[in-house]
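Spelled out from the first residue to the last, the chains are:
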Amino acid sequence: MDLGSESLRLRIKQLLEKPGNGNCADCKAADPEWASYTLGVLVCHTCSGLHRNIPQISKVKSLLLDPWNSSELEFIDSMGNNAAKAKYENIVPAFYYCPTYRDCLLLKEQWIRAKYERKEFMCVERQEAYSAGYKEGFLWKRGRDNGQYLSRKFILSEREGVLKYFNKLDAKEPKATLKISSVNAAFQPDKIGTAHGLQITYLKDNSTRNVFVYHEDGKEIVDWFNTIRAARLHYLQVAFPGASNSELLPKVTRNFLNEGYMEKTGPKRTEGFKKRWFTMDDRRLMYFKDPLDAFARGEVFIGSKGNGYSVLPGLPSNIQGNHWLYGITIMTPDRSFLFACETVKDQKDWMAAFQLIINRPMLPQEYAVEAYFKHKP
Ligand SMILES: [Zn+2]
């Protein structure tokens, strides 16, 4: 039986007001306008599109635009987002990355599939792909200098505390060994130019290296990501005994605070401004000639207000030469760094990222990083 439009609107309003239903069941976006009437959850527009890819599991309709009958609404009412979470997210491992609406489509899609299609969080045996402390397999890796993607064997071993990859199939020695202690991983589909693109960064001799990889299968690359997260959490638990998971989880993997092109000038300011790709990773501002370069051309450490760091909009008045209009000056205890942004919005975003870091007091281990940058040859 179809409901009359008045009583229908009322029923839906009541449904949305129930605890948990005010945000998308999958990505937490506010005010979901769609619902899965086979799973009994309320979801946002983006997630409803992902539910459509698993029609054998989930059938979705628009709460406002589609016709509804009583039994469908009754079922959604009897489940709802909180009960669905208790059922489908019963045992999500602490390290497992639960995406939000800010994340890329791949992470959301695999989260939805992991929950409802593969039911990975209802049964611990289904989590072995990323919980075993060891994973090996082939990934397409971008060549360091030629930019060509080639299939390479990767091994992650928690026991050895490393992620390594091999160039030749029969090679005994890995081409590179990345210490888990310094590894970060972040999905970068736009930058890498493929929906499954994962950027892995690590420190070698205190400078940052980038490895760009992908896998054709979305599940496989997200499994790699969560395997890296598991290894990172277990490493941090040993390195910082007594720290709670909620303190450690933000350190497991980090999304960059900001990324994009700015112009910069050197300390002598005689060469003029050069356009570079900048990445703000916590307190490290790195710059590259190309976004997909294997290593940074240079890095600037950004400390805290209390240690003599500050950021100002604009450039000193005596600056010569052509440059983008919207300047930023970062003062450090040693020198000032000058940057120019193409748009007001870029300037605002970069200022906000720098300010965030400068306003945060420094941690003891960050002083060692600062000292390294100060005495860098
Ligand atoms: Zn959503």
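In this text, all values refer to a predicted model and were calculated from it rather than measured experimentally.

Chemist: Could you give me a rundown of the sheet that holds strand S10 (residues 207-214), with the residues and numbers involved?
Modeler: One key point about sheets: their strands pair by backbone hydrogen bonds, in either a parallel or an antiparallel sense. Taking strand neighbours across the sheet as the criterion, the seven strands line up as S7-S6-S5-S4-S10-S9-S8 in an open arrangement whose pairing is antiparallel. At either margin of the open sheet sits one strand with a lone partner, and together these are strand S7 (176-179) and strand S8 (184-187). Across the sheet, the axes of successive neighbouring strands diverge by a mean angle of 35°, strand direction being ignored. Sheet topology places S8 next to strand S9 (residues 198-204); four bridges connect them, and they run antiparallel. Across the sheet, Phe187 pairs through a bridge with Leu198, a residue of S9. Helix-sheet contacts for helix H8 (residues 218-239) involve strand S4 (134-142), strand S5 (149-157), strand S6 (162-166), S8, S9 and S10, and the interaxial angle to S4 is about 120°.

Chemist: Now, about the domain arrangement of the protein chain: what can you tell me, with residues and values included?
Modeler: Once the domains are mapped, the protein chain shows domain 1 (3-117), domain 2 (128-251) and domain 3 (258-375). A straight line from the C-alpha centre of domain 2 to that of domain 3 covers 27 Å. Opposite the 15 residues of domain 2 that make contact, domain 3 presents 16 residues. Across the domain 2/domain 3 interface, buried area totals approximately 1,300 Å², and carbon plus sulfur atoms make up 48% of it. For the pair domain 2 and domain 3, the interface holds six residue pairs in polar contact (both at pLDDT 80 or more). At the level of elements, helix H7 (189-192) and S10 are the ones that each hand at least two residues to the side of domain 2 that touches domain 3. A class-by-class count of the residues in the side of domain 2 that touches domain 3 yields four nonpolar, six polar and five charged.

Chemist: Kindly report on the pattern of salt bridges, identifying the contributing residues and their values.
Modeler: For the structure shown, the criterion picks out 22 salt bridges. Of the charged contacts in the structure, one is a salt bridge between Lys18 and Asp77, with a shortest N-O distance of 3.2 Å. Highlighted residues: Lys18 in the loop between helix H1 (5-17) and strand S1 (34-36) and Asp77 in helix H3 (residues 70-78), separated in sequence by 59 residues. Overall, the relative accessible area of 35% leaves Lys18 in the partly exposed class. According to the relative accessible area criterion, Asp77 is partly exposed, its value standing at 33%. Of the charged contacts in the structure, one is a salt bridge between Asp145 and Arg144, with a shortest N-O distance of 3.4 Å. Here the residues in one salt-bridge network are Asp26, Lys85, Glu89 and Lys115, joined through shared partners.

Chemist: I'd love a proper account of the packing of aromatic side chains, names of residues and values included.
Modeler: Evaluation of the coordinates by the stated rule reveals 20 aromatic pairs. Ring plane angle 45° and centroid distance 5.5 Å describe the contact between Trp111 and Phe121, whose orientation is recorded as tilted. Here Trp111 is found in helix H5 (residues 105-117), whereas its partner Phe121 is found in the loop between H5 and helix H6 (128-131), with ten residues between them in sequence. Overall, Trp111 belongs to the buried group, its relative accessible area being 2%. Taken together, a centroid distance of 5.6 Å and an interplanar angle of 40° make the contact between Phe278 and Tyr287 tilted. A relative accessible area of 0% places Phe278 in the buried class.

Chemist: Hey, could you go over the nonpolar core for me, with residue numbers and the actual values?
Modeler: Leu163, Phe187 and Ile200 are the most contacted members of the largest nonpolar core, which has 37 residues in total. The leading source of residues in this core is H8, at nine residues. Residues lining this core come from more than one domain, with at least three contributed by each of domain 1 (3-117) and domain 2 (128-251). Leu163 has contacts with Phe154, Ile155, Leu156, Ala176, Thr177, Leu178, Ile180, Ile200, Trp224 and Ile228, leaving out every residue within four places of it along the chain. Core analysis: the second largest hydrophobic core is formed by 22 residues, Met262, Trp350, Ile357 and Met362 among them.

Chemist: Outline the sheet that holds strand S3 (residues 60-62), supporting the account with residue identities and numerical values.
Modeler: Across the sheet, which stays open at both edges, the three strands sit in the order S2-S1-S3 with antiparallel pairing between neighbours. Either end of the sheet is taken by a strand with one partner, and the two such strands are strand S2 (41-43) and S3. With direction set aside, neighbouring strand axes in the sheet form an average angle of 30°. Strand direction decides the pairing type here: S1 and S3, joined by three bridges, are antiparallel. Looking at the pairing, Ala35 lines up with Lys61 of S3.

Conventions used here
Residues numbered from 1 in each chain as written. Predicted model: local features only at pLDDT ≥ 70, side-chain atom pairs only at ≥ 80, totals over all residues. Heavy atoms only, no water. Pairing = 2+ DSSP bridges. Helix = DSSP H or I, 4+ residues; strand = E, 2+ residues; numbered from the N terminus. Axes fitted to C-alpha atoms, helices over the stretch in contact; angles between N-to-C directions. Contact = heavy atoms within 4.5 Å. Domains from an automatic or database assignment. Buried area = accessible area lost by both parts, 1.4 Å probe. Polar contact = N/O pair within 3.5 Å; in protein donor to acceptor, adjacent residues only side chain to side chain. Nonpolar A, V, L, I, M, F, W, Y, C, P; charged D, E, K, R; others polar. Salt bridge = Lys/Arg side-chain N within 4 Å of Asp/Glu carboxyl O. Buried < 20%, exposed > 50% of the residue type's maximum accessible area, 1.4 Å probe, protein only. Phe/Tyr/Trp six-rings, centres within 6.5 Å; stacked < 30°, edge-to-face > 60°. Core = buried A, V, L, I, M, F, W, Y, C linked by side-chain atoms within 4.5 Å.

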